[in-house]
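Architecture and fold: a report
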Amino acid sequence: MELCIIGAGYVGLTTGACLSEIGHHVAVTDCDAAKIADLERGRLPIYEEFLQPLVEGNQAAGRLRFTTEAPAAIAAAEAIFVCVGTPPDRDGKANLAAVERVTRQIAECAAGHKLIIGKSTVPARTAEHIRRTLDTFARNRASFEVVSNPEFLREGTGVYDFFHPDRIVVGCDTAAAAARMRELYRPVLEGLFQCPCHARPAADCGWHAPAWMETSTTSAELIKHAANSFLSLKISYANAIADICELAGADALAVLRGIGLDRRIGEAFLRPGLGFGGFCFPKDLSAFLEIAAELGYDFRLLREVQAINAERVALFVRKLRESLWVLEDKTLGVLGLAFKPGTDDTRLSPAMAVAHELLKHKLRLQVYDPKAMERARAELPPEVVYCGHPEAVAEGAEAVLILTEWPEFRALDWTAMKARMLRPLVLDGRNLFRAGELEALGFEYAALGQGVVAHTTSAAAPVTS
Ligand code: UDX
């Protein structure tokens, strides 16, 4: 199929490259001409595993192109994906200005019959507004079918997620539109692809046929917000359990595993720590609260999810302060700045929030992140020291803080790290280690949910924000 993707952000770029990989001809457009020029030269604006070779390969094969000529790309496409940003306004509501602008542009440029597929995360009933806007501004005797096809791609594993989805949700009004969508995704539904993450056929890389779900556009829109909010809820629940475990002197990781082994609950998203961040969960949660309120429902449960998450950074800093007593003039090592491993994204990263909070205390921060240093540099004050190697953060440090659970941090030479430190204290904000592992090397170790630093307070002493 001839496809047009409007918006070359995380969602649009990953979706466009993956759709070209399964055989479609894809034109990706964006109003940012510099971004398109970079993409044409093979320079990606984000780090996403497997994306660079996917883009290069499909560009070379003539299936993927980048263009600022949106009208021509819209006119040539059978289906147009709307992947523009919906950033939060001050009140937490999603700002739909870009969605509206793009919808009007489609109405003005399109001719013939088009599928308009919403991928941006939007409030319930946005598809209805899109439909009305298309009807109002349509020229050239164009006709449209509006589809809501929410994306569930995680940053860092977006390419993998495209080829191995749990479900594909399609909200639309007609059987004809649903059939076109099924055709569009057929290679993923039937495992007819070579997995770019494993360089093996789908059948040999753990692919399972995803659930195919057809529903109304409004239901599809709600599924996206409801799913992300539920995952946020699981994380805040895990963090609340972690705090209770500290108070009770129990091991949160054991308790949460014991909960998660119940198949009705599941182990995923029960990792306690600094809480959730990134550009999706916090934004989607605020937007869903607003959507519910506008519909007349006060979603109290989700307000509490937000509140628990908001406390995590203060709790962590307080725990550090209880160990170090005074923070001023000390040197601290920081491992991890991205909001989670596998990405260079620092937006609403709890790690960055900890760094900002600590820098209020006039101390020296030596930081390292495998991918996010450049982005952090643009955001943090100039006195921060950026280390060329993770072990260098330990030099003269009175504590090393693990703020993002990059797996490579586990594999560091921790004995050598200890030798560089002024005091061998590790505060683990992500439960990268289990209690006892670093203590065996002579460290003082504490994590959120795994008790307090042994020599400072008793295990029963609560640390609350
Ligand atoms: C999320 C959704 O997972 C995806 O389906 C959606 O479409 C986009 O938003 P993403 O924001 O990339 O994806 O990150 P995700 O992997 O879901 O993690 C979100 C945050 O939760 C991260 O900050 C992560 O560190 C945190 N998290 C996750 C926890 O604190 N504990 C957990 O157990 C899991």
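All residue numbers refer to position in the chain's written sequence, counted from 1. Local features in this predicted model are restricted to residues whose pLDDT is 70 or higher, and side-chain atom pairs enter the listing and the counts only when it is 80 or higher, whereas totals over whole chains, interfaces and linings include all residues. Note: side-chain values were computed over all heavy atoms of the structure, leaving out hydrogens and water.

Considerations on the sheet that holds strand β13 (residues 385-386)
One requirement defines pairing of two strands: DSSP has to find at least two bridges between them. Helix numbering and strand numbering both begin at the N terminus, where a helix is a DSSP run of H or I of at least 4 residues and a strand a DSSP run of E of at least 2. The strand order across the open sheet built from 6 strands is β13-β12-β11-β14-β15-β16, with neighbouring strands paired in parallel fashion. Only two strands of the sheet have a single partner each, and these edge strands are β13 and β16 (444-447). As paired strands, strand β14 (residues 399-402) and strand β15 (residues 425-428) are joined by 3 bridges and run parallel to one another. Each residue of the ladder has a partner; that of V400, found in β15, is V426. Whether two residues are in contact is decided by their heavy atoms: any pair within 4.5 Å suffices. In this analysis, axes come from line fits to C-alpha atoms, helices being fitted only over the stretch in contact, and the angle between any two N-to-C directions falls in the range 0 to 180 degrees. Sitting on the sheet, helix α12 (residues 300-324) is in contact with β11 (331-335), β14, β15 and β16, with an inclination near 165 degrees to β15.

Concerning the site of the ligand
The ligand sits among 19 residues. The nearest are F152, E155, R271, G277 and K340. In the model, an oxygen atom of the ligand is placed 3.3 Å from a nitrogen or oxygen of the L270 main chain. Here an oxygen atom of the ligand and a backbone polar atom of F339 are 3.2 Å apart. Top contributing element to the shell around the ligand by residue count: helix α9 (residues 217-248), with 3 residues. Nearness of a residue to a molecule or strand requires only that one of the residue's heavy atoms be within 4 Å of it. Within 3.5 Å is the distance limit for a polar contact, defined as a pair of N or O atoms, with the added protein rule that one can donate a hydrogen and the other accept it, and that residues adjacent in sequence qualify only through two side-chain atoms.

A look at the environment of Y237
Within the fold, Y237 resides in helix α9. Through-space distance from the C-alpha of Y237 to that of F269 is 9.6 Å; in sequence the pair is 32 residues apart.

Re the nonpolar core
By size, the foremost hydrophobic cluster in this structure holds 54 residues, and its most contacted members are L320, L332, L335, L358, L365, L401 and W414. Buried residues of nine kinds, namely Ala, Val, Leu, Ile, Met, Phe, Trp, Tyr and Cys, make up a nonpolar core once their side-chain atoms join them within 4.5 Å. For every residue, the accessible area obtained with a 1.4 Å probe (protein chains only) is divided by the maximum for its type, and the residue is called buried under 20%, exposed over 50%, and partly exposed between those limits. Counting residues in each nonpolar core, the second largest holds 47 residues, with C18, I36, I46 and Y185 among its members.

Looking at the domain arrangement of the chain
Split into domains, the chain comes out as domain 1 (2-215), domain 2 (223-307) and domain 3 (312-447). Where each domain starts and ends follows an automatic or database-derived domain assignment. Each of domain 2 and domain 3 was reduced to a C-alpha centroid, and the two centroids are 24 Å apart. Opposite the 16 residues of domain 2 that make contact, domain 3 presents 18 residues. In short, buried area is how much 1.4 Å probe accessible area vanishes from two parts on joining, totalled over both. The contact between domain 2 and domain 3 buries some 1500 Å² in all, and 52% of this surface belongs to carbon and sulfur atoms. Between Lys or Arg on one side and Asp or Glu on the other, a salt bridge is scored when a side-chain nitrogen of the former is within 4 Å of a carboxyl oxygen of the latter. Linking domain 2 to domain 3 there are 4 salt bridges. K319 is paired through a salt bridge with E246; the nearest N and O atoms lie 2.5 Å apart. On the surface where domain 2 and domain 3 come into contact, there are 10 residue pairs in polar contact (both at pLDDT 80 or more). The element best represented in the side of domain 2 that touches domain 3 is α9, accounting for 3 residues.

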